[in-house]
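Descriptive structure summary
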Amino acid sequence: MQISFHGAARDVTGSCYLLECAGTRILIDCGFFQGNRELEEDNADAFDFDPAAIDYLLLTHAHLDHCGRIPLLVNRGFTGEIITTAASRELARLVMLDAAGLQEEEARYRNRRAQRRGRDRAEVEPLYTIVDALNALGYFGRVAHYGQPLQLAAGIRATFIDAGHILGSACIILELSEGNQQRRILFSGDLGMSARPILRDPATPPHAEIVVMESTYGDRQHKQLEPSVAEFHAAITATVRRGGNVVIPTFALERAQELLYYLHAGKAQGVLPDGLQVFLDSPMAISATQIFKRHPECYDQETAAIFRTGHDPFQFPGLHFTRETAESMAINRIGSGAVILAGAGMCTGGRVRHHLKHNLGRQHCSIIFVGFAAQGTLARQIVDGAKVVKIFGEDYPVHAQIHTIGGFSAHAGQAELLAWHRQTGNPETTFLVHGEEECMATFGRLLQNTQVECPRLKQSYTL
């Protein structure tokens, strides 16, 4: 038995791990690298394994940094079976098609710009196309149900349990037999926080000899939720009163729906200004919200009860869904009183960059960050206090008020990560992944009764 690490190794994106047992090769996730240009170029590099030799791909959840390279994997020879939950299957379709569309759009833009500047250069090609993404969907096979084992091959069984991170997210336990050797290996995927709205809390993990665990926030605690919601409402109210707009770079999956939930609550409680206009300016987030409504099996009791009464916590007066480009452009003619939720959360693409271009330089406006910003991203530059940032190749000053509200994270904080790990029963080895290097080292020092490994990219271990 062997495990090797091909992404999210001393980094927070590109999750991809290869497990080999008794002649069967299983990939856990196949995600995009996100951040600076160098990381983005890594997406186009050859895989460090033969895609045609992979028998199964088990997908923990549908965030881009976990599923974004699946179409590329298929393009390069994968013909195995992709297994995930029903909700993740729907969301992954959405995410991969959106990523393909953005890549096609970016390629067209760069080719037009090169042509205008008279550069004689080869045409820029997208990493993969919408047709490629659609083709990859044909390899999604069995649907995983929480707590129900799936037989993959002789001596190999997989069970998905609720990770409480985003809709359909899962930890995956693999029970392996090879000769006289038996191992249980647990992949955490991304772990959610407890006592959040909409989704259930992460399930109690089973005991395992080997744990592969995310450590995104292993060096810090999140702010408490209630003060974070109050801070969120207060930032919006203050911005509207001084005559500005609010731009919220928003992850389309989970974060957008959670913010709609709290905007709905703020309106109902009268803590937000009358006449506030809210724009969900993300076709993917709009579609994701519709997918959320189709999967009540993932809801916590409170949210399930709201829907049973006929109410929709994602809908309220003054909310506008803007799918069309022309509708998005029209928002920028609004001088004040608008709350604009637009993707992407790290400002690496999508419509949010257009709204930043129109509002970053206005001191009456606010930019509210409510999620993780990886190193090298535009979001991280703004959060770190940059006075000037580059958008679409042009420099823009930062005069708007910048708010960073940490309590909305979909990731477990340090205390919850430690509590989750304790429940795994003193594993022999814990591999820490999906974290920045210093954060990972800090968290690793807190783990007891286990050998801690922080694998490097392409590193392989015998189990």
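Here's a quick rundown of the structure. (Residues numbered from 1 in each chain as written. Predicted model: local features only at pLDDT ≥ 70, side-chain atom pairs only at ≥ 80, totals over all residues. Heavy atoms only, no water.)

**Topic: the nonpolar core**
- Ranked by internal contacts, the top residues of the largest apolar core, which has 73 residues, are Leu-27, Leu-57, Ile-70, Phe-232, Ile-236, Ile-248 and Ile-368.
- Examining the composition of this core, we find that 9 residues originate from one element, helix 4 (residues 86-116), more than from any other.
- Apart from residues lying up to four places away in sequence, Leu-57 is in contact with Leu-27, Asp-29, Cys-30, Ile-70, Leu-73, Phe-78, Glu-81, Ile-82 and Ile-83.
- Residues Tyr-56, Ile-83, Leu-174 and Tyr-461 belong to the second largest nonpolar core, which totals 31 residues. (Core = buried A, V, L, I, M, F, W, Y, C linked by side-chain atoms within 4.5 Å. Buried < 20%, exposed > 50% of the residue type's maximum accessible area, 1.4 Å probe, protein only. Helix = DSSP H or I, 4+ residues; strand = E, 2+ residues; numbered from the N terminus. Contact = heavy atoms within 4.5 Å.)

**Things to note about the environment of Leu-199**
- Secondary-structure assignment places Leu-199 in the loop between strand 10 (181-187) and strand 11 (210-214).
- Along the sequence, Leu-199 and Glu-297 sit 98 residues apart, while their C-alpha atoms lie 9.3 Å from each other.
- Setting aside its immediate chain neighbours within four residues, Leu-199 contacts His-165, Ile-166, Leu-167, Glu-254, Cys-298, Tyr-299 and Asp-300.

**Remarks on the layout of surface pockets**
- The calculated volume of the second largest pocket comes to roughly 580 Å³.
- What lines the second largest pocket is a set of 31 residues, among which Phe-372, Ala-373, Ala-374, Arg-380 and Glu-436 lie closest to the centre.
- Those elements giving two or more residues to the lining of the second largest pocket turn out to be helix 1 (37-42), helix 12 (378-383) and helix 14 (437-446).
- Tallied by class, residues from the lining of the second largest pocket come to 11 nonpolar, 9 polar and 11 charged. (1 Å grid on protein atoms, 1.4 Å probe; cavity = no way out; pocket = protein on both sides within 12 Å on 5 of 7 lines; lining within 4 Å. Points joined across faces, edges and corners; volume = space filled by probe spheres on them. Nonpolar A, V, L, I, M, F, W, Y, C, P; charged D, E, K, R; others polar.)

**Section: the environment of Ile-28**
- Within the secondary structure layout, Ile-28 lies in strand 3 (residues 24-28).
- Placed 74 residues apart in sequence, Ile-28 and Leu-102 show a C-alpha to C-alpha distance of 25 Å.
- If sequence neighbours within four positions are ignored, Ile-28 has contacts with Ser-15, Cys-16, Tyr-17, Leu-58, Thr-60, Leu-174 and Phe-187.

**Let's talk about empty space enclosed by the protein**
- All told, the structure shown has 2 cavities of 30 Å³ or more when counted by the stated rule.
- Its volume calculated, the largest cavity comes out at about 90 Å³.
- In this structure, the largest cavity is lined by Gly-164, His-165, Met-193, Arg-196, Pro-197, Leu-199, Arg-200, Glu-254, Glu-258, Phe-408, Ser-409 and Ala-410.
- Volume-wise, the second largest cavity comes out at about 60 Å³.
- Tyr-17, His-66, Ser-188, Gly-189 and Val-433 are the residues nearest the centre of the second largest cavity, which is lined by 14 residues in total.
- Looking at side-chain class alone, the lining of the second largest cavity contains 5 nonpolar, 6 polar and 3 charged residues.

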